Structures are given as C-alpha cells and as structure tokens.
Amino acid sequence: MITVSKKKMSAWSGDMLAVLVVPQADGSLHIEEPVLQTYLAKAGKSGDFSGKAGQSFLLYPDDDLPCRRLLFVGLGDKPKSREEIRLAGGLVGQKAMDIKAVTLAVAWSDVDLAMQDMGECCTEGLLLGQYRFSKYKKSIADDEKPVFLKKISFFPHEAVAACRRGVRLGEVAARAGKTARDMANEPGSGWTAEEFAVFGRGLSTKSPITCTVFGTRELRRHKMGGVLAVNQGSEGEAKMVILSYRCPRQDADTLLLVGKGLTFDSGGISLKPGAGMEDMKYDMCGGAAVMAAMAAIGEEQPEHVNVVGVVPATDNMPGPAAVKPGDIISSYSGKTIEVINTDAEGRLLLMDALAYGIKNFKPSAVVDLATLTGAVIIGLGHHYTGLMSNDDGLAAKVQEAGSRCGEPVWRLPLGEEYSKQLKSEVADLKNVGGKPAGTITAAAFLQEFVGETPWVHLDIAGTAWNFTEKSYVPKGPSGIGARTLIDLVRNWA
Ligand code: BES
Ligand code: MN
Ligand code: ZN
C-alpha cells in the first residue's frame, strides 16, 4: 500500500501532497522543488504557517501543480526523535481523513534522523492516525462514514532502500497496534474468551505459529485453579490460548509473553461500582497486545529468537457459582491462595499462565502485560506504563523498546517488604496486600510464580485507554504494548 520512490513530488497527482517542513535557523522556509517553494514562501509570508511542530496548513494549488491539495506540516527545529516524526505522520493521517483523501504523497526535508527511522515512524504515525472503530454504527450518513487512504507514496530525496525498509517495519507495527485496538473496542459480548481462541487458531493456519487452546477440561487437568476460580461465576468457558513461534536457530533464546485477557471485569462478588464499569470491557488489553504482537511475529518470522504467547481469557462475573471472598483456591504451581477480594482477579489468571509458560517453555525472559491495578493510574496517570521487574538487564531492554515506540514505561520497586503484605493466615498467599502500594503488591504476587526467570511486569491500566492525547492515538483503546513487544523481539540480541 505504501510505495517509496525518488521521483519529483511536484509531478505527483492525487488527493493530497503533504510536505513536512523544518524551518531554517533564520526562520525562513525552504523546499527543494521550485513550484512548491513558491507556495511555501507564500504560506510563510502570510504569517499563517511558520513550520513549528504540530502546525499544519492546507491549500488548493493552481494549475502548476497536479495534486488536488497541498498540506504543509511543521516539524519544528530539526526534529531528532522518532516520536516527533510519528506525531507529524499522525497529523497527516488525521488531515487526510478530514478531507476523505484516498491517495496521499508525503515528502520532507532536513530531518536529523536515519532514513529507515524516518520511513518507519512516518508510516506508523500515518497508519495509526487513520483509525476509527465504526463497526457498530449502523445509521450514519454516507458523508460521515470514515474514508481511509488506499495508496500512499513517500518521496525521500535519498536513501530510498533504507526508507522502504523502515516503511515495511512501520506497516507491520501499525497493523498490530490497530488489531489490538479492534479487539479492545469490541464489547464484552463481542469479544469473549472464545474470540481469543478463534484469533489464535487463525494465526496458526496462516503463519508458522502453533496454537493450543485449553478449555475447562484441560484447565482442570492441569489444575489451573486461578483461571477456573475467576471463571466460576461466568456463563461462558474460560480459555487459555498458547501460541508458539520457533525460529530456525537451534540455540536461540525463548521469550515468553503473557497477557491478561479478562474480557469484562464486573469485579465478581466484590462487585465494582456502576459508574464507568463499561470501561471494564478493556480489561483484555494485555491479551490483545500479546495476540497482535504474535500476529506480527508470524509475519516477520524472526531468525534469532523463539517467542511464546500465552493469553488466559475469561470474564469476571458474579454468577451463582462465583468464587467468594474467603475461598481458598489452588493454582498450577501448587501454591494455595486465599481470595480476599474477587476483583483482584487478573493476578489469579496471570499466576497460572506465568507458571505454566515458564515450566513448559523454559524461557530465558518473560514479559507480562495487564490492566492490573487502578492504583497505577493514581501513581503514574495515563502517561507512563508501570514496570516492575526482578532483572535490571531485561527491565532496561523493555524500557528502551517502549521509549523507541512512544510507549514510555516507568519502573517501580519490588522487595521483601511488599511481598510480606501478601501473607495469609490460612493459605500460602492472599490475593490482595492492602491499600498501600497496590500496584507493587500486585506485582509482588506475580513474582511468587516466576521464580528466578528474568521477568518484567507491565501494568498498563493507565495507558491501555485514555492514553496521553496524541495525533496517532485516538480516544478509546490505544493498542499499547503491541508495538513495544514487536520492537523488543526485533532488537533481541
Ligand atoms: N481490571 C482492574 C484494574 C483496573 C481498574 C484497570 C481501573 C483499569 C482501571 C483489576 O482487575 C482490579 O479490579 N483491580 C483492583 C485490585 C484491588 C481489588 C486490590 C483495583 O485496582 O481496584
Ligand atoms: Mn478486577
Ligand atoms: Zn481486572
């Protein structure tokens, strides 16, 4: 869909030609091709466009330019970061939707960024900015229906091959982000545990990924007491979806990815308050990120690392057979847990998924993603994902991947003091550690099930939706985590 060429952009005809502009040191604006320079100079002289970041200006060219519209987008003083380009790309994507463009060309000048990064981030921003979930809007007027770009052409003035490589990376990553958003946007009734299973099986038919799905029978056989307990109050069956990609290298590391696939969280018997409960359809965003990342891994087929994805999935409902506060449950690991609060259900899913994945795939590193605690929103707001880890090296790797992707993470501590808060009088552990440090005690609970394996836990409760407002992140679910996981796999040493 995106082509890259060195042709003259001024000769391009189509719906919109977007030019990303960097103002010169003296504030003047400059593009190489003379026809375009005339328009840019006019826009600058009028005072309507100075080239600062976030600014844009749309105009309708005369007969000297074959494109229907010309859009100038400001990049500000010599942009150096991948995120700045992503943001500019997102703005172009939004403007293209405003005018219902189907064909788009993009060009730029004077950017202090490698051409591959330029292609990658511009593509990501553009495609992620072109997102709308309108599946359930049945009675909108034709002129309100979203129109998406069909053909995009990039015109770098040099390093066409590097730009093209970047574009391919960006396309895969953006698709994964959008896939995760699509899953999340489905309501609890539209995306159940079964849908995770269907998606996983679909991957195994179109890519070199094997998919195993545990239903009630297998969950019982494996003594997955956590997943079964959370599912007790539900009408539908719980599923554990296990995806495995094996690379050609014999001695490669295995990376285990685990995502919380809680398709609707009512809180169970410890019922949540009504206000805002509808947002709990997003409680499967960790699972969505892992599934979408696995889809990308199936496409890219990395040569240097095996990747296993495990998504435990169910809703959390207060049906007549639901698990009750005070109940003591078993787990795959053999440890027993006193359920103090049935709303602390995510950790009960993850404990079985982590223990199973580690025992059966012997990974050299584990990353889990979960909308695990409201407390992380109090601590970090909607701007950073909370990271907790037992391994500094892995924590640094994930932090690096997140910052390359515009998905920043902030590390919180772990330690004995926090683990002590989980001591139970009647079982090996209890599932809540009291009010103080709710995000950390949730992670401390998970830590009991990972042993010595290097592990990172990402609490995405604040960033999975209502994430920092950005041109390429719409309202609603952000798709967070999918691109960070893909980046982590791509850069796995
Ligand atoms: N899914 C919620 C966490 C959550 C809350 C995510 C708000 C996004 C927004 C999780 O299952 C939960 O209910 N956690 C409880 C834990 C508590 C009972 C220890 C919470 O955070 O209140
Ligand atoms: Mn809950
Ligand atoms: Zn939950």
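What counts, and where the lines are drawn
Residue numbers restart at each chain and count upward from 1, following the sequence in its written direction. All chains are assigned letters beginning with A, and all ligands numbers beginning with 1, in the order in which they are written. With the structure being a predicted model, the display of local features is reserved for residues of pLDDT at least 70 and the display and counting of side-chain atom pairs for 80 or more, all residues being used for whole-chain, interface and lining totals. Just so you know, side-chain values use all the structure's heavy atoms and leave hydrogens and water out. Here a helix means four or more residues in a row that DSSP labels H or I, a strand means two or more in a row labelled E, and each is numbered from the N terminus. Computation of the radius of gyration draws on C-alpha atoms alone. For the globule rule, the value is 2.2 Å times the number of residues to the power 0.38. Accessible area is worked out with a 1.4 Å probe on protein chains only. A residue is then buried under 20% of its type maximum, exposed over 50%, and partly exposed in between. A positive count includes Lys and Arg, and a negative count includes Asp and Glu. His and the chain ends are not counted in either. Where a charge lies is defined by one atom per residue type: Lys uses NZ, Arg uses CZ, Asp uses CG and Glu uses CD. Only N, O and S atoms count as donors, using a 2.8 Å cut-off from the metal and 3.2 Å for Na, K and Ca, and because water is excluded some sites may appear unfinished. Irregular is the label for any site that misses the other tests, which are tetrahedral for four donors with all angles between 85 and 135 degrees, and square planar for four donors or octahedral for six when opposite donors exceed 155 degrees and the remaining angles lie between 65 and 115. If a single non-hydrogen atom of a residue is within 4 Å of a molecule or strand, that residue counts as near it. In the analysis that follows, any N or O atom pair within 3.5 Å is treated as a polar contact, provided that within protein one partner can donate a hydrogen and the other can accept it, and provided that, for residues neighboring in sequence, both atoms belong to side chains. Note on areas: these come from Shrake-Rupley sampling with a 1.4 Å probe, and a residue is covered only by the protein chains present in the view. Any residue that is not Ala, Val, Leu, Ile, Met, Phe, Trp, Tyr, Cys, Pro, Asp, Glu, Lys or Arg is counted as polar, Gly included; the first ten are nonpolar and the last four charged. A strand pair is defined by DSSP finding two or more bridges across the two strands. Axis lines are fitted to C-alpha atoms, over the contacting stretch for helices. Their N-to-C directions set the angle, which ranges from 0 to 180 degrees. Here a residue-residue contact requires only that any non-hydrogen atoms of the pair lie within 4.5 Å. The start and end points of each domain follow an automatic or database-based domain assignment. A 1.4 Å probe defines the accessible area here, and the buried area is the portion of it lost by two parts on being joined, summed over both. The term salt bridge refers to a side-chain nitrogen of Lys or Arg lying within 4 Å of a carboxyl oxygen of Asp or Glu.

Participant: So what's going on with the overall build of the chain? Which residues, and what values?
Facilitator: Counting its regular elements, the chain contains 14 helices and 18 strands. Here the chain has a C-alpha radius of gyration of 24 Å; the compact-globule value for 493 residues is 23 Å, and the two agree. Overall, the C-alpha framework of the chain stretches about 80 × 55 × 45 Å when taken along its three principal axes. Expressed as a percentage of the 493 residues in the chain, the buried residues total 58%. With 55 positive and 58 negative side-chain charges, the chain shows a spacing of 3 Å between the two charge centroids.

Participant: Tell me what's going on with the coordination of the manganese ion (ligand 2), and back it up with residues and numbers.
Facilitator: At this site the manganese ion (ligand 2) is bound by D265 (OD), D343 (O), D343 (OD) and E345 (OE), with donor distances of 2.1 to 2.2 Å. Each of the six donor atoms bound to the manganese ion (ligand 2) contributes to angles spanning 69 to 167°, and the resulting shape is irregular. For the manganese ion (ligand 2), all donor residues lie on one chain, and their spacing in sequence is D-x77-D-x1-E. Here the zinc ion (ligand 3) and the manganese ion (ligand 2) are spaced 3.2 Å from one another, each receiving a donor from D265. Taken together, the residues D265 in strand 10 (residues 261-265) and E345 in the loop between strand 13 (337-338) and helix 9 (346-361) connect sequence positions 80 residues apart. The pair D265 / E345 is uniform in exposure class, with both members buried.

Participant: Pulling in residues and values, what's your account of the site of ligand 1?
Facilitator: What surrounds ligand 1 is a group of 17 residues, the closest being K272, D283, D343, E345 and G374. The side chain of D343 places a nitrogen or oxygen atom 2.8 Å from an oxygen atom of ligand 1. Measuring from a nitrogen atom of ligand 1, one finds a backbone N or O atom of T371 at 3.3 Å. Protein contacts shield 79% of the accessible area of ligand 1, which totals 510 Å² for the unbound molecule. Considering only residue class, the shell around ligand 1 consists of six nonpolar, four polar and seven charged.

Participant: Mind laying out the sheet that holds strand 4 (residues 70-74), listing which residues take part and the relevant values?
Facilitator: Within the open sheet, the six strands sit side by side as 1-6-5-2-4-3. Their pairing is mixed. Only two strands of the sheet have a single neighbouring strand rather than two, namely strand 1 (2-4) and strand 3 (56-59). Strand-to-strand twist in this sheet, taken as the mean axis angle between neighbours without regard to direction, amounts to 20°. Here helix 2 (residues 82-98) sits on the sheet in contact with strand 2 (16-21), strand 3, strand 4 and strand 5 (103-108), set at roughly 155° to strand 2.

Participant: Describe the sheet that holds strand 12 (residues 328-329), with residues and values.
Facilitator: Strand order in the open sheet formed by three strands is 12-13-17, with mixed pairing between adjacent strands. Across the chains shown, the open sheet's two edge strands, defined by having one partner strand only, are strand 12 and strand 17 (429-430). Pairing geometry for strand 12 and strand 13, over two bridges, is antiparallel. In the strand pairing of strand 13, I328 is matched with E338.

Participant: Can you break down the environment of P474 residue by residue, with the values?
Facilitator: Mapped onto the fold, P474 is located in the loop between strand 18 (455-459) and helix 14 (482-490). With a relative accessible area of 26%, P474 lands in the partly exposed category.

Participant: Can you lay out the domain arrangement of the chain for me, pointing to particular residues and giving the numbers?
Facilitator: When its domains are assigned, the chain resolves into domain 1 (2-176) and domain 2 (191-490). Between domain 1 and domain 2, the buried area comes to about 1,400 Å², and carbon and sulfur atoms account for 54% of it. Counting across the interface, domain 1 meets domain 2 through four salt bridges. With its nearest N and O atoms 2.8 Å apart, the salt bridge here joins R483 to E124. Put simply, domain 1 and domain 2 have ten residue pairs in polar contact (both at pLDDT 80 or more) between them. If you list the elements that add at least two residues to the side of domain 1 that touches domain 2, you get helix 2, helix 3 (115-129) and helix 4 (160-185). A total of seven residues in the side of domain 1 that touches domain 2 trace back to one element, the largest contributor, which is helix 2.

Participant: Give a description of the coordination of the zinc ion (ligand 3) that names residues and reports values.
Facilitator: Ideal values differ by geometry: the angle at a metal is 109.5 degrees with four tetrahedral donors, but 90 or 180 degrees with six octahedral donors. In this structure, K260 (NZ), D265 (OD), D283 (OD) and E345 (OE) serve as the protein donors to the zinc ion (ligand 3), at separations of 2.0 to 2.4 Å. Each donor residue of the zinc ion (ligand 3) belongs to the same chain, with the gaps between them written as K-x4-D-x17-D-x61-E.

Participant: A description of the side chain of T463 should follow, citing residues and the corresponding values.
Facilitator: By secondary structure assignment, the location of T463 is in the loop between strand 18 and helix 14. Polar side-chain contacts of T463 include one of 2.8 Å to the side chain of T385.

Participant: An account of the pairing of strand 2 is requested, with residue identities and associated values reported.
Facilitator: Of all six residues making up strand 2, six are buried, and the element is well covered by its neighbours. Inspection of the sheet shows strand 2 paired to strand 5 by five bridges, in the parallel sense. Following the sheet pairing, M16 is matched in strand 5 by L104.

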